[in-house]
Amino acid sequence: MTTLREAVALFLEAKRLQQQNNTQKETKKMDEKQYMGEIKRTMNYEIDLDQRLSMLALGLAGEVGEIVDHIKKAVYHGHEIDHVELGKEFGDVMWYLYNLMDDLGVDPDIVRFLNVEKLRRRYPEGFSEEASQNREE
Ligand SMILES: [Mg+2]
């Protein structure tokens, strides 16, 4: 199992590589509009909406499973976490999630707002076990 110190070291190394990569490529920052343009470019709009929703939901679940598998292998099998590969899986999750929101007409800004509002109501003083156990929704 990866110790906290090892995990921090891996995180810092991944950040260093990311920063190094960012200076080599033009991937420093990508806003949501740019990202949506990129992911929609690779979406198959030849299939109908029901098929897309089904494909996106299944794909999202599958990609979350791939992240879960990385974590499982690190925690239970002693594998090193490969932050580059894990980052690619997070990207796959984002591709499915953002395409799904787009096809459903869900605005990511509103999603973030609703999420933060819910969390502020649920945990007004930040997370606590008591607030978690006594939450209303
Ligand atoms: Mg994947």
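Just above sits the structure.
Residues numbered from 1 in each chain as written. Predicted model: local features only at pLDDT ≥ 70, side-chain atom pairs only at ≥ 80, totals over all residues. Heavy atoms only, no water.

J.: Which residues make up the overall build of the chain, and what are the values?
T.: On a plain count of helices and strands, the chain comes out with six helices and zero strands. Buried positions account for 18% of the 137 residues belonging to the chain. Residue pairs at least 24 apart in sequence account for 66% of intrachain contacts in the chain once pairs closer than 6 positions are excluded. Of the roughly 10,700 Å² of accessible surface on the chain, 55% is carried by carbon and sulfur atoms. (Helix = DSSP H or I, 4+ residues; strand = E, 2+ residues; numbered from the N terminus. Buried < 20%, exposed > 50% of the residue type's maximum accessible area, 1.4 Å probe, protein only. Contact = heavy atoms within 4.5 Å. Areas by Shrake-Rupley, 256 points an atom, 1.4 Å probe, with all protein chains shown as cover.)

J.: Outline the environment of M94, supporting the account with residue identities and numerical values.
T.: You can see M94 is positioned in helix 4 (residues 83–104). The spatial distance from the C-alpha of M94 to the C-alpha of Y35 is 9.8 Å, given a sequence separation of 59 residues. Beyond its immediate sequence surroundings of up to four residues, M94 is in contact with Y35 and N99.

J.: Explain the nonpolar core to me, using residue names and the numbers behind them.
T.: Membership of the largest hydrophobic core comes to 14 residues, with the highest contact counts inside it found for Y35, I39, L56, L60, W95, Y96 and Y98. Of all the elements in the fold, those that place two or more residues in this core are helix 2 (32–41), helix 3 (49–77) and helix 4. Beyond its immediate chain neighbours, meaning those up to four positions away, Y96 contacts M55, L56, G59, L60 and E63. (Core = buried A, V, L, I, M, F, W, Y, C linked by side-chain atoms within 4.5 Å.)

J.: Could you give an account of the coordination of the magnesium ion, with specific residues and numbers?
T.: Tetrahedral coordination by four donors places them ideally at 109.5 degrees to one another around the metal; octahedral coordination by six donors ideally gives 90 or 180 degrees. Binding of the magnesium ion to the protein goes through E63 (OE), E66 (OE), E89 (OE) and D92 (OD), at separations of 2.1 to 2.7 Å. On the primary sequence, the residues serving as donors to the magnesium ion are separated as E-x2-E-x22-E-x2-D. You can see E63 sitting in helix 3 and its partner E89 sitting in helix 4, a full 26 residues away along the chain. On the basis of relative accessible area, E63 is assigned to the buried category, the value being 11%. (Donors = N, O, S within 2.8 Å, 3.2 Å for Na, K, Ca; no water.)

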